[in-house]
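Structure assessment
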Amino acid sequence: MHRRDIAVAVAFILGLWFAIIFVALETWALAPTGAARTILLIAGAVVLLFNSAAIMAMLRHYREDRDFMYGLDIQFLDEAREAKRALRHG
């Protein structure tokens, strides 16, 4: 579960970077002045920086509390599996 969550977070970061870069390139000609382009580039960079940093912090937190967080998930999945098995076998 932990590896899957890391993979999803990394994919989200990469998707975010590609999306912001794509939007910047496709809308470059729409900015009326060089100053507007500079402001938009800085704003996009800030969004990328803060979102990437937040996701990396989340992953560090997951790593620190992995046993607690995923332990509860595994426990509940095991209990649900046992309850389903008990219903089937009467």
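These notes cover the structure that comes with them.

1. Examining a nonpolar patch on the surface
- Together, Met 1, Ile 74 and Leu 77 make up a nonpolar patch on the protein surface, roughly 250 Å² of accessible area in all.
- For Met 1, the position within the fold is in the segment before α1 (2–27).

2. Some thoughts on the environment of Phe 50
- Tracing the chain through its elements places Phe 50 in helix α2 (residues 34–64).
- The spacing of Phe 50 and Ala 35 is 15 residues in sequence and 23 Å in space, taken between C-alpha atoms.

3. Overview of a positive patch on the surface
- Judged by side-chain charge, Arg 3, Arg 60, Arg 63 and Arg 66 come together as a positively charged surface patch.
- Along the chain, the position of Arg 63 falls in helix α2.
- Judged by its relative accessible area of 47%, Arg 63 falls in the partly exposed class.

4. Considering the packing of α1 against α2
- At a minimum axis separation of 10 Å, α1 and α2 run at an interaxial angle of 175 degrees. The pairing of α1 with α2 is recorded here as roughly antiparallel in orientation. On α2, the residues touching His 2, Asp 5, Ile 6, Ala 9, Phe 12, Ile 13, Leu 16, Trp 17 and Ile 20 of α1 are Gly 44, Val 47, Leu 48, Asn 51, Ser 52, Ile 55, Met 56, Met 58, Leu 59, Tyr 62 and Arg 63.
- For the contact of α1 with α2, the residue count by class is 14 nonpolar, 4 polar and 2 charged.

5. Examining the packing of α2 against helix α3 (residues 66–88)
- It is at 5 Å that the axes of α2 and α3 come closest, and there the two elements cross at 75 degrees. Between α2 and α3, the crossing angle belongs to the class labelled roughly perpendicular. When α2 is examined against α3, the residues His 61, Tyr 62, Arg 63 and Glu 64 are found in contact with a partner set consisting of Arg 66, Met 69 and Tyr 70.
- Classifying every residue of the contact of α2 with α3 by side-chain character gives 3 nonpolar, 1 polar and 3 charged.

Calculation rules
- Residues numbered from 1 in each chain as written.
- Predicted model: local features only at pLDDT ≥ 70, side-chain atom pairs only at ≥ 80, totals over all residues.
- Heavy atoms only, no water.
- Patch = residues over 30% accessible without salt bridge, like charges linked within 9 Å, V, L, I, M, F, W, Y side chains within 5 Å.
- Areas by Shrake-Rupley, 256 points an atom, 1.4 Å probe, with all protein chains shown as cover.
- Salt bridge = Lys/Arg side-chain N within 4 Å of Asp/Glu carboxyl O.
- Helix = DSSP H or I, 4+ residues; strand = E, 2+ residues; numbered from the N terminus.
- Lys, Arg positive; Asp, Glu negative; His and termini not counted.
- Charge placed at Lys NZ, Arg CZ, Asp CG, Glu CD.
- Buried < 20%, exposed > 50% of the residue type's maximum accessible area, 1.4 Å probe, protein only.
- Axes fitted to C-alpha atoms, helices over the stretch in contact; angles between N-to-C directions.
- Parallel < 35°, antiparallel > 145°, perpendicular 65-115°, else oblique.
- Contact = heavy atoms within 4.5 Å.
- Nonpolar A, V, L, I, M, F, W, Y, C, P; charged D, E, K, R; others polar.

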